[in-house]
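# Summary of the model geometry
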Amino acid sequence: MNIVAGVDCGTQGTKVILVDLDTSCVLAECSAPHELISESNGRREQLPSWWLDALITAFEQAVITANIDPKLIKAIGVSGQQHGLVALDKQSEVIRPAKLWCDTETAPENAQLLQMLGGEQACIDKLGLRVETGYTASKILWMKLHEPENFAKIAHILLPHDYLNFWLTGEFSADYGDASGTGLFDVRNRCWNEEVCALIDPSGNLFNALPALHCAEKAAGVVIGQAKERLGLSDNVVVSSGGGDNMMGAIGTGNVKNGIITMSLGTSGTIYTFSDTPVVLKHPSIANFCSSSNGWMPLICTMNVTSATSLVQDVLNMDLIEFNQSLDASEIGAGNISFLQFFNGERVPALPDGKASIHGLDAANFTRDNLVRAVVEGATFGLKYGLELLRDAGISIEQIRLIGGGAKSAHWRQMVADAMNCEVICPEVEEAAALGAAIQASWALTGVISFDAIDELIVLDETSRTLPIANNVAAYQLAYQRYVSTLNNQYPQLQGQC
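Summary of the structure given here. Here, residues in each chain are numbered from 1, in the same order as that chain's written sequence. Restriction of local features to residues with pLDDT of at least 70 applies here, the model being predicted, together with a cutoff of 80 or more for giving and counting side-chain atom pairs; totals for whole chains, interfaces and linings are based on all residues. Side-chain calculation: all heavy atoms of the structure are included, whereas hydrogens and water are not.

This part takes up the sheet that holds strand 5 (residues 44-46). Between any two strands, at least two bridges found by DSSP are needed for them to pair. Counting from the N terminus, the helices are the DSSP runs of H or I reaching at least four residues and the strands are the DSSP runs of E reaching at least two. The sheet built from three strands is open, its strands ordered 4-5-8 with antiparallel pairing. Each having just a single partner strand, strand 4 (37-38) and strand 8 (98-99) make up the two edges of the open sheet. Bridge count for strand 5 against strand 8 is two bridges, and the pairing is antiparallel. Residue pairing in the sheet places Gln-46 in a bridge with Ala-98 of strand 8.

Definition used in this section: a nonpolar core is a set of buried Ala, Val, Leu, Ile, Met, Phe, Trp, Tyr and Cys residues joined via side-chain atoms within 4.5 Å. Each residue gets one of three labels from its accessible area relative to the maximum for its type: buried under 20%, exposed over 50%, partly exposed in between, using a 1.4 Å probe on protein chains only. Counting residues in each nonpolar core, the largest one holds 86 residues, and the members touching the most others are Leu-18 and Ile-76. Of all the elements, helix 1 (residues 48-66) adds the most residues to this core, at 10 residues. Any pair of residues with heavy atoms lying within 4.5 Å of one another is described as a contacting pair. Setting aside its immediate chain neighbours within four residues, Ile-76 contacts Ala-5, Val-7, Leu-168, Val-223, Leu-231, Leu-233, Val-237, Val-238, Val-239, Ser-240 and Ala-441. If you look at the next biggest cluster of nonpolar residues, it comprises 55 residues, including Met-318, Phe-342, Val-376 and Phe-381.

As for its position among the elements, Glu-132 is in the loop between helix 3 (120-127) and helix 4 (136-146). For Glu-132, a relative accessible area of 11% gives the class buried. Among all residues touching Glu-132, those that are not within four sequence positions of it are Asn-110, Ser-138, Pro-284 and Ser-285.

We now examine the environment of Ser-203. With respect to the element layout, Ser-203 can be found in the loop between helix 8 (194-200) and helix 9 (205-209). Here a polar contact is taken to be a pair of N or O atoms separated by no more than 3.5 Å, where protein atoms must pair a possible hydrogen donor with a possible acceptor and residues adjacent in sequence count only if both atoms sit in side chains. Side-chain polar atoms of Ser-203 contact the side chain of Asp-201, separated by 2.8 Å. A distance of 3.2 Å separates a polar atom in the side chain of Ser-203 from the backbone nitrogen of Asn-205.

Right, let's talk about the sheet that holds strand 25 (residues 460-466) for a bit. Pairing between sheet strands relies on hydrogen bonds along the backbone, with the strands arranged either parallel or antiparallel. Pairing is mixed across the open sheet formed by seven strands, whose spatial order is 19-20-18-17-23-24-25. Of all strands in the sheet, those bounded by a partner on one side alone are strand 19 (287-290) and strand 25. Averaged over neighbouring strand pairs, the angle between their axes works out to 30° when direction is ignored. When strand 23 (residues 399-403) meets strand 24 (residues 423-427), the two strands line up parallel, connected through three bridges. Looking at strand 24, one finds that Gln-399 is bridged to Glu-423. Under this scheme, a helix contributes an axis fitted over its contacting stretch, all axes are lines through C-alpha atoms, and angles between N-to-C directions fall in the 0 to 180 degree range.

Attention now goes to the state of the cysteines. Any two cysteine sulfur atoms lying within 2.5 Å of each other are counted as a disulfide. Under the defined criterion, the tally for this structure stands at zero disulfides. Looking at the unpaired Cys-25, the closest cysteine sulfur is the one in Cys-30, lying at 16 Å. This cysteine, Cys-301, is not joined by any disulfide, and Cys-102 carries the nearest cysteine sulfur, 10 Å off.

Regions of empty space are outlined by a rolling probe, equal in size to a water molecule, passed over the atoms. With a 1 Å grid spanning the protein atoms alone, the term cavity applies to any set of points in which a 1.4 Å probe fits but cannot get out, the term pocket to an open set with protein on both sides within 12 Å along at least five of seven lines, and the term lining residue to any residue with an atom within 4 Å of a point. Grid points are joined across faces, edges and corners, and a volume is the space filled by probe spheres set on the points. Across all of its chains, the model carries three cavities of 30 Å³ or more by this definition. Reported here for the largest cavity is a volume of approximately 60 Å³. If you go around the largest cavity, you meet 13 residues; those closest to its centre are Glu-132, Tyr-135, Ser-285, Ala-287 and Arg-347. The element best represented in the lining of the largest cavity is strand 20 (residues 296-302), accounting for three residues. Class assignment of the residues belonging to the lining of the largest cavity gives a composition of nine nonpolar, one polar and three charged. By volume, the second largest cavity amounts to about 50 Å³. As for the second largest cavity, its lining consists of Thr-136, Ile-157, Leu-158, Leu-159, Asp-162, Thr-182, Leu-184, Trp-192, Leu-210 and Pro-211. Throughout, the ten residues Ala, Val, Leu, Ile, Met, Phe, Trp, Tyr, Cys and Pro are labelled nonpolar, Asp, Glu, Lys and Arg are labelled charged, and all others, Gly among them, are labelled polar.

Put into structure tokens, the structure is as follows:
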């Protein structure tokens, strides 16, 4: 058997998938949860040791489920939540809990960093994108200003997936895709930017703490030491370069050529596509990342999707069946209610201090069914707002590959197809990032990117294929225009952006 493992270290837990390359079969999918340090000031942190514990637990469960000897595994690929800061000292020990992508405690430092860079356009000129709250660079500046004693200990800066690769291999490395979300990386020239590092730390220690960069087909190393013993692996198990969860999700949905969009209806929402050249930014909210398949991956991220719908579900004391029944019972436009769903602030549009609000209520439309539909439409329209920015940048969209918990709802799939006016389909394997990591692991075995592996391992669920309905497209366009008008009235600084 020729087996590879894909690991996805997310915010809520770590998933492991085992794939038999000889038969193109998924042998097992298992997961283990993480705790989360969460405070009202926006702090969102985790101990990297929790990731290791979850990886070991999920890996052992997967091996048992697949009923295989772990020594049959030939390679491992690792996907990780983007933007997190793992700081190590000279002994390669973790200095403090990792700040995560969803940490907003560092918003003032991000604003300060943008100012240090010379403003939004100067930042784009230097890096090819605008640094955002949540990117790694502002976390480093926060650490310097608030924990100078810890900052002084830094010998290595890693992202979450880099840290797991380090535990597996003993090597400090990063890939172009995940590195491009740090705010320290030039996405057009694919290199760390020494000038930006020097703005944060003129001593040069920060720049020297950054890991070596690898392309998608290059191995980060082989599994050694404690990791090899704990996982029960044989000698010379290859570890691929890995990447951020969105980059691996692109590979795991076959999003490695122009025209395909991956859209995630998860706690937050993401939209990303492949480009063989860097995108010329017409709007700074497009994250002009590199892909983990040696291209580029323009991305839009929204902070409120199932996180927003779950809050409404909870406050109405509805289970998921009742919630979906209400969605089915309501009409497009939710009786002219617009729900700005910014419970967690928002990244796109750029409203880090935004608040949720409901508009257009009256005695006739104030019903549970309309409130349910309004929040689902609001989450969908937030993603449409981002999709229109991509279209305005000249990106062609032929098909949306839908993933995440919301993708399981046939009604939500139809809403996405109609609101975006585009065909929608779901991959059969839901754990797209873990599958993408497994596919990249197969590339590391040969040192060559194989699109045959993508074609063989990614199966689309034909029962989920959803086409837009013309009358619905028109109705959703009216509802979306009302949503944008409400958005612009509530936040005048956004007018003219979309």
